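One-letter residues, chain by chain:
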Amino acid sequence: MTDPITVAVLQNRLSAIAEEMGEAMLRTAYSQILNSSRDFSIALIDAQCRLVAQADHIPVHVGAMPWAAKALVARFPTPSPGDVYLLNDPYRGGSHLPDLTVFVPVFGAGRLMLWSVVRAHHSDIGGATHGAYNPAATEIWHEGLRLPPMRLTENGVLREDLLEMLALNVRHPRDFRGDLAAQIGAAKLGEQRLAAVIAEFGAPVLGDAIEAMLDAAERHARTVVSGWTDGEYAGEAVLDDDGFDRTNIVVRARVTKRGSEVTVDLTESDPQVTGFVNSSHANTQSAVAMAFAFLLDPDLAKNEGAFRPLTVKLQEGTIVWAREGAPVTMCTSHCSNEIIEAIIVALAPACPERAMGGWGRRLRIALNGTDPRTGRRFIWHMFQARPGGGGSVAGDGYSTIGEWHSAGGIKFGSIEVAETRFPLVFETHEYRPGSAGDGMHRGGYGGDMRLRVETDGPAVANAAGEGVVHGARGILGGRDGAPHEYTLLAPNAAPRPLRSKEVGVKVPSGSVIHVLSGGGGGWGDPAKRDPADRARDVAEGLEV
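Residues numbered from 1 in each chain as written. Predicted model: local features only at pLDDT ≥ 70, side-chain atom pairs only at ≥ 80, totals over all residues. Heavy atoms only, no water.

**What about the overall build of the protein chain?**
Alright, step 1. Of the regular secondary structure elements, the protein chain holds 10 helices and 21 strands.
Alright, step 2. Reported as C-alpha extents along the three principal axes, the dimensions of the protein chain are approximately 70 × 60 × 40 Å.
Alright, step 3. Burial statistics for the protein chain: of 544 residues in total, 62% are counted as buried.
Alright, step 4. Partitioning the contacts of the protein chain with sequence separation of at least 6, the portion at a separation of at least 24 is 74%.
Alright, step 5. In the structure as shown, the protein chain presents an accessible area of about 19600 Å², 52% of it carried by carbon and sulfur atoms.
Alright, step 6. If the 52 positive side-chain charges of the protein chain are averaged to one point and the 65 negative ones to another, these points end up 2 Å apart. (Helix = DSSP H or I, 4+ residues; strand = E, 2+ residues; numbered from the N terminus. Buried < 20%, exposed > 50% of the residue type's maximum accessible area, 1.4 Å probe, protein only. Contact = heavy atoms within 4.5 Å. Areas by Shrake-Rupley, 256 points an atom, 1.4 Å probe, with all protein chains shown as cover. Lys, Arg positive; Asp, Glu negative; His and termini not counted. Charge placed at Lys NZ, Arg CZ, Asp CG, Glu CD.)

Quick look at the structure:
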């Protein structure tokens, strides 16, 4: 057995490699969605398709990566050294079509040991609408280019014909090529750093250390779970609609906790729907793992071992496991958020000091237009004015932190940089008073943003998301956060409320998009809130 000090050293080395890969990705990516908003993730996965290490990026990405590795290994059981592999198909371990995943194999002692993996959200992936999200989609082929596990290289050399085919099918090929090159470079960097570790310690020592890391995480997780109250629990979360004919779509979680085991049963969730809020199998597995991880200790290594106490039950044909071919592009946000919320609501009585109020929903806007300063077309993804996070036993929720599925990993980026790169002016970007769910510890506040669009001719907006009807869930007596309110203020026109799922909205130059994003859910009885905390919120203009 490898000694504990060596195991600790190697665990930190692997984590540091994942972090360095993330820094390389951030510094070399072309598009705003990656080099500013950081919508990418890094993982190291072993030959058995087990998550070994990750960096602090987007949890919903990472939880699905082992399923992508399984699909890749099924297609390429004997990967070649020096090769690069790619996929994005949600029905083969992808998150959603804009998220492309690059794999580079790492060998030691003549055998495959690890995969160096980078998943990144591209600004466009073809399909019927710019920016990848298509609320009008009724099948996955409306949503963009679908890539099964494939080899990007031949004898270690990138296949330019295949790259050209991919780039030809997206609206901004330069950004696509640059972002994909950044992913490959980051994954190759991981390969180099891992090869150095293998050379220094030897493949047998690293292999034994990985087993010890996973076992230690399992022991830690089981110790935490053993402290929760045994029982059978139920929770629900509700989506507004699917953009077609379904409203108040329910995710139902039945959770059984016995000893150090937790079983999450989502089989009673509503049937799959017409629109793109369906979830694929891998995405739901990731969302369940996220909910479980949020209830564990922060310092517990989130690797495969940490999730061994968890069993997941799903039913194909439901909102949480759509049959192949259904549209799913919104699923990384919704219904991921609702899956997490339903599980946390269910388990809150078992571990109230670990549960938290709901985090705000995601409602994004993608703008497509022409920049009058350059005459070039652009696609801009709105990451500003994020919703608030939920309150917890530790205190009030974080304001404008974002959604549960990203847990603060996606950043809204610099306002000034966005104004420099795009024909946009942020007239207002501040907290939204009164948006937080009340509680002993309130939720975080959402945002109030007024964005002026100064394009050459009208821009076109697509809105995609959730949360204009149902706000973030309050918990253990806490109140729900306020839902979103988005409004288009066009010159010489009446205010037009924006729905959460619509395409092709004309935005005349000079228009202002007014975003009031939702707040997080409160935690605990509002009557127990410290009067000094209420007075502070009033003094800061956040409450009346």
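Now that the structure has been shown, we can carry on.
**With respect to the pairing of strand S2 (residues 51-54)**
Alright, step 1. Taken together, the three bridges between strand S1 (residues 40-46) and S2 define a ladder with antiparallel strand orientation. Counted as the bridge partner of Ile45 is Leu51 from S2. (Pairing = 2+ DSSP bridges.)

**As for the sheet that holds strand S3 (residues 85-87)**
Alright, step 1. Pairing is antiparallel in the open sheet, where six strands are placed in the order S2-S1-S5-S4-S3-S6. Every interior strand has two partners, whereas the edge strands, S2 and strand S6 (150-151), have only one.
Alright, step 2. The pairing of S3 with S6 spans two bridges and is classified as antiparallel. Its bridge partner lying in S6, Tyr85 is registered against Arg151.
Alright, step 3. Sheet contacts for helix H1 (residues 4-28): S1, S2 and strand S5 (111-121); angle to S1, the most-contacted strand, approximately 145°. (Axes fitted to C-alpha atoms, helices over the stretch in contact; angles between N-to-C directions.)

**Details of the packing of helix H7 (residues 281-294) against helix H8 (residues 336-347)**
Alright, step 1. Packing of H7 against H8 leaves a shortest axis separation of 9 Å and a crossing angle of 40°. Accordingly, the angle class assigned to the pair H7 and H8 is oblique. The two elements H7 and H8 cross, and the hand of that crossing is right-handed. Between H7 and H8, the contacting residues are Asn283, Thr284, Ala287, Val288, Met290, Ala291 and Phe294 on the first element and Ser336, Ile339, Ile340, Ile343 and Ile344 on the second.
Alright, step 2. Taken together, the residues of the contact of H7 with H8 break down into nine nonpolar, three polar and no charged. (Parallel < 35°, antiparallel > 145°, perpendicular 65-115°, else oblique. Left-handed = near helix turned anticlockwise from the far one by under 90°. Nonpolar A, V, L, I, M, F, W, Y, C, P; charged D, E, K, R; others polar.)

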